[in-house]
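Descriptive structure summary
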Amino acid sequence: DVKVTQSSRYLVKRTGEKVFLECVQDMDHENMFWYRQDPGLGLRLIYFSYDVKMKEKGDIPEGYSVSREKKERFSLILESASTNQTSMYLCASSSTALKETQYFGPGTRLLVL
Amino acid sequence: GNSVTQMEGPVTLSEEAFLTINCTYTATGYPSLFWYVQYPGEGLQLLLKATKADDKGSNKGFEATYRKETTSFHLEKGSVQVSDSAVYFCALSTGANNLFFGTGTRLTVIP
């Protein structure tokens, strides 16, 4: 069964902290994505990666960075968390062969105080 | 550019009622269209898709038809169940690696 896991379901951080969100997929997928989900705004793409060490900016990359050192792992980094980054963060992956079908993790709900 | 507009909701229906959630799109080229569903406490999962005009996607009693003339991909189900309560997202892909999502529609089905 396909699986995308995220390191935490809930996180509480303080303004200015560095935050790491980890995502691991076990499907050998080439493509991985980070979205944030906010009420009334749907899903917005932050960054995606189509290969190890490769990354592309999505629609809202400001304030975020990513790391993909291994194929199965894609990390989202908030260098200095701010209250407007309080959100639900969703990781997804897809294969290049079937790139239009994305598999999602359960999400990390981040609260920045 | 590429965008998806869907019915905002929330939608509340009684069990066995008919469901329609509207979705229209704007896209360059010939997109593929999707419905994803997010059950409470879970990530999104693909519900159905259609890759070309007049295709009908179907799964779990849900259907949606790709209508190029009206740029629409409305989701329908003839008889909803309590277990269908979820948030439904319409999305499109133009062949690149990423998807464009609508804002989501929350459906609540009451017994």
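These remarks concern the structure in this document.

Scoring rules and cut-offs
Residues numbered from 1 in each chain as written. Chains lettered and ligands numbered in written order. Predicted model: local features only at pLDDT ≥ 70, side-chain atom pairs only at ≥ 80, totals over all residues. Heavy atoms only, no water. Pairing = 2+ DSSP bridges. Helix = DSSP H or I, 4+ residues; strand = E, 2+ residues; numbered from the N terminus. Axes fitted to C-alpha atoms, helices over the stretch in contact; angles between N-to-C directions. Disulfide = S-S within 2.5 Å. Buried < 20%, exposed > 50% of the residue type's maximum accessible area, 1.4 Å probe, protein only. Salt bridge = Lys/Arg side-chain N within 4 Å of Asp/Glu carboxyl O.

**A short note on the sheet that holds strand β9 (residues 75-77) of chain B**
Residues and elements named next belong to chain B. One open sheet accounts for four strands, arranged β3-β9-β8-β7; its pairing is antiparallel. Strand pairing shows two members of the sheet lacking a second neighbour, β3 (19-21) and β7 (56-59), which therefore form its edges. Each strand of the sheet is rotated relative to its neighbour by a mean of 15°, with strand direction disregarded. As paired elements, β7 and strand β8 (residues 62-65) share four bridges and run antiparallel to each other. Paired with Asn 59 across the strands is Phe 62, a residue of β8.

**Looking at the state of the cysteines**
Within this structure, the stated rule accounts for two disulfides over all chains. A disulfide bridge connects A:Cys23 with A:Cys91, and the sulfur atoms are separated by 1.9 Å. Here the disulfide of A:Cys23 and A:Cys91 is left-handed, its torsion about the S-S bond being about -75°. In this pair, A:Cys23 is assigned in strand β3 (residues 19-25) and A:Cys91 in strand β9 (residues 87-94), connecting sequence segments 68 residues apart. Judged by its relative accessible area of 0%, A:Cys23 falls in the buried class. We classify A:Cys91 as buried; its relative accessible area is 0%. The disulfide partner of B:Cys23 is B:Cys90, and the gap between their sulfur atoms is 1.9 Å. Looking along the S-S bond of the B:Cys23-B:Cys90 disulfide, the torsion reads about -70°, which is the left-handed sense. Within this pair, whereas B:Cys23 is found in strand β4 (residues 23-26), its partner B:Cys90 is found in strand β10 (residues 86-93), the two being separated by 67 residues in sequence. Look at B:Cys23 and you get buried, because its relative accessible area is 1%.

**Regarding the pattern of salt bridges**
A side chain of one charge can pair with a side chain of the opposite charge when the charged atoms of the two come close. Residues and elements named next belong to chain A. Under the criterion given, the structure shown has nine salt bridges over all chains. For Glu 79, the salt bridge goes to Lys 18, with nearest N and O atoms at 3.5 Å. Taken together, the positions of Glu 79 in the loop between β8 (73-78) and β9 and Lys 18 in the loop between β2 (10-13) and β3 put the pair 61 residues apart, joining distant regions of the chain. Residues joined in a network through salt bridges with shared partners are Arg 36, Asp 38 and Arg 44.

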